[in-house]
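Remarks on the overall topology
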Amino acid sequence: ESLTENASVIHSDQTVLDATRILKANGPQGGRLQHLRVLDTLIASPDIVAADAYATTLFGLSPEQVPTVVAAARRGLGVMDLKQVRMV
Amino acid sequence: MKQSSWTYARRFSQSFCLAVFLWLFLQTEYRGIDQLPYPVSLLFRIDPLAALADFLAPGPFGWSLLWPALVVLLLTSLFGRFFCGWVCPLGATLDGLGKLVGRGRRAFSPGWRRVKYYLLIGLGAATLFGVQLLGLFDPLAIFLRSLTLAVYPAYNYGLNKVFDFFYANDLPLVSPVVKNSYPLFRDYLMAFHQPIFALGLFTFLIFLTIVLLERVEHRFWCKNLCPLGALLGLCSRYAILQRTPQRLCADCQACDSLCRAGAVRNAGLIRSECLLCMDCTGYCPEERVSFGLRHAAAHEPGIDLQRRGVLTAVASGIMIAPAVRIGPVTYEQNPYLIRPPGAVAEEEFLQRCVRCAECMKVCIGRTLQPALLEAGPVGLWTPLVVPRIGYCEYNCTLCGQVCPTGALAPLKLAEKQKNVIGLAVIKKDRCLPFAKGIECLVCEEHCPTGEKAIVMEEQDVLVDGQMRRLKLPRVVDKLCIGCGICETKCPVEGASAVRVINQGESRRKRTELLAGPYG
């Protein structure tokens, strides 16, 4: 909820999300190389919620499973339904 | 006073050695390379007292680390106390600061000369019986300790204030110069972050006392108190580097008042006291004095140690051991007594550690702090892991690399990451999820072990009359190595809600319990 409050005060025009390497367990400190996935992916979107929503799929989750994304969408900060997002 | 080229050579040697040791001191820091490239603890590898501590400690002598100390002893037996006059950084500091603090010319009672021998004999006897306190009086340890714990932190603090001032107040001409010199200081001459140490003032006062003793007598410390000087003096009894004339000349007697060591007497030169400063080759009005290689004369004056004094020193030294032994076991009395990774078992650790403070200087997590009484009455200045001040960095092995006496074994990174120095314990009366029902997972996030040693477990908890689902931290004992980052980072103000105790240390022999008299 606090994170979404931040996002509602500080508006962003463009969100860039670096998913070159992602750590899937034991983060943020002390991760092991075996938990590292190299995806070489960059996400860029004018919609901060859509960017986050897509990022959840990289972890094998759906946007609904991540409370911050749900809360942000409820507050109208962006779109979390990936079907409504145009991928380029 | 006229000075000979010998005097200039000596001063150059002193300045050069001091500069080398200061440079090595500055290199005793993480500068981007995991393995330190220089022998930064050289000062203690040439230290015969450190070698003595290592020799009398259990286990084989650390030849590979301490062979230079034996070279110093060998050279001393040939040439005399050249180390005191030409190499010792504390001696150089005293010579350098003497003019500043004022120099006493009082002829002090020669009886005081014996004190350093008694100190050496007493400390040696205590070491032989298992209580090693050489480091408390080792001049090199005093020098580096004062530098690490007091002088360097103060120097960093002052410099930062200066840079801050000229950054905040733009003074023409001065500010640009100061600003442009900042990168040089930051990269080579200052610490990465401000060093913080307990006992800084205490350590400095001792250093200050030794410096101020110059007001009583030139090189008061070296002549009367220094146990290293005593050891080198004993070795130099039969040195072949000889001064001519040996005794005071009947017509002049200048050496009687001018010799800084008071080594030239009517009966001859007291070899064990001569610091080889070579000043007499300059100030002799007749230019009679010279040094050359010759065999020692049969009857040379020495310092009469007096049997009673020697026996008293030996007896007091021996008495220290049982006096310490009848105390409680320190790590049981103080569960927060945590030693750096690679530390050998506590008893051997105290026998090996010369309190040189190299490990505290190099520690990048700022966790290593000097002990006052935390490690028992004889643990003064030994390194403690104090996690509320700083933590032991998971990917760092520096303290083991710098230890000159093997009190801390040099560990490879993989070994260090398995070396248990303690165990984190969560205090449920302080921890936010337990005590207040507030969500917090800071300790879990910081835990650096590959598989987290702190895990969060969801549980229904009654908070303010309502059931709430909360994540509660739990320490996985077999994964925790006691690095203490959780205690450092715990956001609870004051006492941390997670504290590291010394349970399950790798260095403690657990088989004792099983194989002991009751097993």
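Bear in mind that the values here come from a model prediction, so they are computed numbers and not experimental data.

Definitions and cut-offs
Residues numbered from 1 in each chain as written. Chains lettered and ligands numbered in written order. Predicted model: local features only at pLDDT ≥ 70, side-chain atom pairs only at ≥ 80, totals over all residues. Heavy atoms only, no water. Helix = DSSP H or I, 4+ residues; strand = E, 2+ residues; numbered from the N terminus. Rg over C-alpha atoms; globule rule 2.2 N^0.38 Å. Buried < 20%, exposed > 50% of the residue type's maximum accessible area, 1.4 Å probe, protein only. Contact = heavy atoms within 4.5 Å. Areas by Shrake-Rupley, 256 points an atom, 1.4 Å probe, with all protein chains shown as cover. Lys, Arg positive; Asp, Glu negative; His and termini not counted. Charge placed at Lys NZ, Arg CZ, Asp CG, Glu CD. 1 Å grid on protein atoms, 1.4 Å probe; cavity = no way out; pocket = protein on both sides within 12 Å on 5 of 7 lines; lining within 4 Å. Points joined across faces, edges and corners; volume = space filled by probe spheres on them. Nonpolar A, V, L, I, M, F, W, Y, C, P; charged D, E, K, R; others polar. Expected span 1.5 Å × (residues − 1). Bend = angle between axes of the 7 residues up to and from the residue. Polar contact = N/O pair within 3.5 Å; in protein donor to acceptor, adjacent residues only side chain to side chain. Core = buried A, V, L, I, M, F, W, Y, C linked by side-chain atoms within 4.5 Å. Buried area = accessible area lost by both parts, 1.4 Å probe. Salt bridge = Lys/Arg side-chain N within 4 Å of Asp/Glu carboxyl O. Axes fitted to C-alpha atoms, helices over the stretch in contact; angles between N-to-C directions. Parallel < 35°, antiparallel > 145°, perpendicular 65-115°, else oblique. Phe/Tyr/Trp six-rings, centres within 6.5 Å; stacked < 30°, edge-to-face > 60°. Lys NZ or Arg CZ within 6 Å of the ring centre and 35° of its normal.

Quick word on the overall build of chain A
Check the secondary structure of chain A and you find three helices and two strands. Since a compact globule built from 88 residues should have a radius of gyration of about 12 Å, the 14 Å found for chain A is in line with a globular shape. Overall, the C-alpha framework of chain A stretches about 40 × 30 × 20 Å when taken along its three principal axes. Per-residue burial for chain A yields a buried fraction of 27% across its 88 residues. Intrachain contacts of chain A at a sequence separation of at least 6 include 53% that bridge at least 24 residues. Split by element, the accessible area of chain A, about 5900 Å² in all, is 54% carbon and sulfur. Computing the positive centroid from 8 side-chain charges and the negative centroid from 9, chain A places the two 9 Å apart.

Comments concerning the overall build of chain B
Within chain B, the secondary structure is distributed over 25 helices and 10 strands. Seen along its three principal axes, the alpha-carbon backbone of chain B occupies a region of about 100 × 75 × 35 Å. Residues counted as buried form 52% of the 519 residues belonging to chain B. Counting contacts in chain B only where the partners sit at least 6 residues apart, residues at least 24 apart contribute 74% of the total. Of the roughly 24800 Å² that chain B leaves accessible, carbon and sulfur atoms contribute 63%. For chain B, the separation between the mean place of its 56 positive charges and that of its 41 negative charges on side chains is 7 Å.

Regarding the layout of surface pockets
Residue and element names in this part refer to chain B. Each pocket or cavity is described by its volume, and for the largest pocket that value is around 660 Å³. For the largest pocket, the lining is made up of 27 residues, of which V329, T330, Y331, E346 and E347 are closest to its centre. Those elements that provide at least two residues to the lining of the largest pocket are α16 (307-325), α17 (330-333) and α18 (346-352). Here the residues of the lining of the largest pocket sort into 11 nonpolar, six polar and 10 charged.

Overview of helix α9 (residues 139-168) of chain B
All names here are of chain B. In a regular helix each residue adds 1.5 Å, so 30 residues correspond to 44 Å; α9 covers 41 Å between its end C-alpha atoms and thus fits that length. Approximately 45 degrees is the largest bend angle found in α9, and it occurs at L147. Two to three positions downstream of the cap, the backbone nitrogen of L140 sits 2.9 Å from a side-chain oxygen, assigning the N-cap of α9 to D138.

Concerning the nonpolar core
Residue and element names in this part refer to chain B. Among the nonpolar cores identified, the biggest contains 113 residues, and F83, V87 and W221 are the most heavily contacted of them. Among the elements that make up this core, the one with the highest residue count is α9 (eight residues). Ignoring sequence-local partners within four residues, the contact set of W221 consists of L90, L94, F137, P139, I142, I210, C226 and P227.

Quick notes on the interface of chain B and chain A
Across the contact, nine residues belong to chain B and six residues belong to chain A. Surface buried jointly by chain B and chain A totals about 600 Å² across both partners, of which 46% is contributed by carbon and sulfur atoms. Interface area lost by chain B to chain A is led by E445(B), G450(B) and K452(B), which between them contribute 60%. Scanning the region where chain B abuts chain A turns up zero residue pairs in polar contact (both at pLDDT 80 or more).

Side note on the side chain of E358(B)
Residue and element names in this part refer to chain B. Mapped onto the secondary structure, E358 falls in helix α19 (residues 358-362). For the buried E358, which has no salt bridge, the nearest side chain bearing the opposite charge is K361, at an N-O separation of 8.1 Å. Every residue in contact with E358, bar those within four places of it in the chain, is listed here: T28, V40, S41, F44, L144 and V402.

Observations regarding the pattern of salt bridges
Residue and element names in this part refer to chain B. All told, the structure shown has 24 salt bridges over all chains when counted by the stated rule. Two residues, R10 and D95, come together in a salt bridge whose shortest N-O distance is 3.8 Å. Remark: D95 occurs in helix α6 (residues 89-101) and R10 occurs in helix α1 (residues 5-27); sequence separation between them is 85 residues. Here R10 and D95 have matching classes, each one buried. Each of R10, D95, R219, R260 and D279 takes part in one network of salt bridges that share partners.

Side note on the environment of R352(B)
Residues and elements named next belong to chain B. With respect to the helices and strands, R352 occurs in helix α18. Residue R352 is classed as buried on the basis of its relative accessible area, which comes to 6%. Residues R352 and P58, 294 residues apart in the sequence, show an inter-C-alpha distance of 8.8 Å. Each residue touching R352, except ones within four places of it in the same chain, is listed here: D54, A57, P58, G59, P60, Q132, V344, T405, G406 and A407. Of note is the side chain of R352, whose polar atom sits 3.3 Å from the side chain of D54.

Observations concerning the packing of α6(B) against α9(B)
Residues and elements named next belong to chain B. Closest axis-to-axis distance for the α6/α9 pair is 8 Å, and the angle between their directions is 70 degrees. When the axis of α6 is compared with that of α9, the two are roughly perpendicular. Across from P89, L90 and T93 in α6, the residues of α9 making contact are P139, L140 and F143. Residue composition of the contact of α6 with α9, by class: five nonpolar, one polar and no charged.

Description of the packing of aromatic side chains
Residue and element names in this part refer to chain B. Within this structure, the stated rule accounts for 13 aromatic pairs over all chains. An angle of 20 degrees between the planes, with centres 6.1 Å apart, marks the rings of F12 and F16 as stacked. Pair noted here: F12 and F16 are both in helix α1, with a separation of four residues, about one helical turn. On the basis of relative accessible area, F12 is assigned to the exposed category, the value being 58%. Three or more aromatic residues joined by ring pairs form one cluster here, namely F25, Y152 and Y155. Here the basic side chain of K361 rests over the ring of F25, its NZ or CZ set 5.1 Å away from the ring centre. Cation over ring: R499 sits above Y336, and NZ or CZ is 3.7 Å from the ring centre.

Some details on unusual backbone geometry
All names here are of chain B. A cis amide bond links T244 with the next residue in sequence, P245, at an omega value of -10 degrees. Residues other than glycine seldom take positive phi values, yet R219 does so here, at roughly 55 degrees. Inspection of the secondary structure assignment puts R219 in the loop between α11 (200-212) and α12 (220-225). A positive phi is found at Q306, a non-glycine position, where the angle reads about 60 degrees. Relative to the helices and strands, Q306 resides in the loop between β4 (290-293) and α16. Residue classification places Q306 among the partly exposed positions, given a relative accessible area of 36%.

These figures come from the coordinates and say nothing about function on their own.
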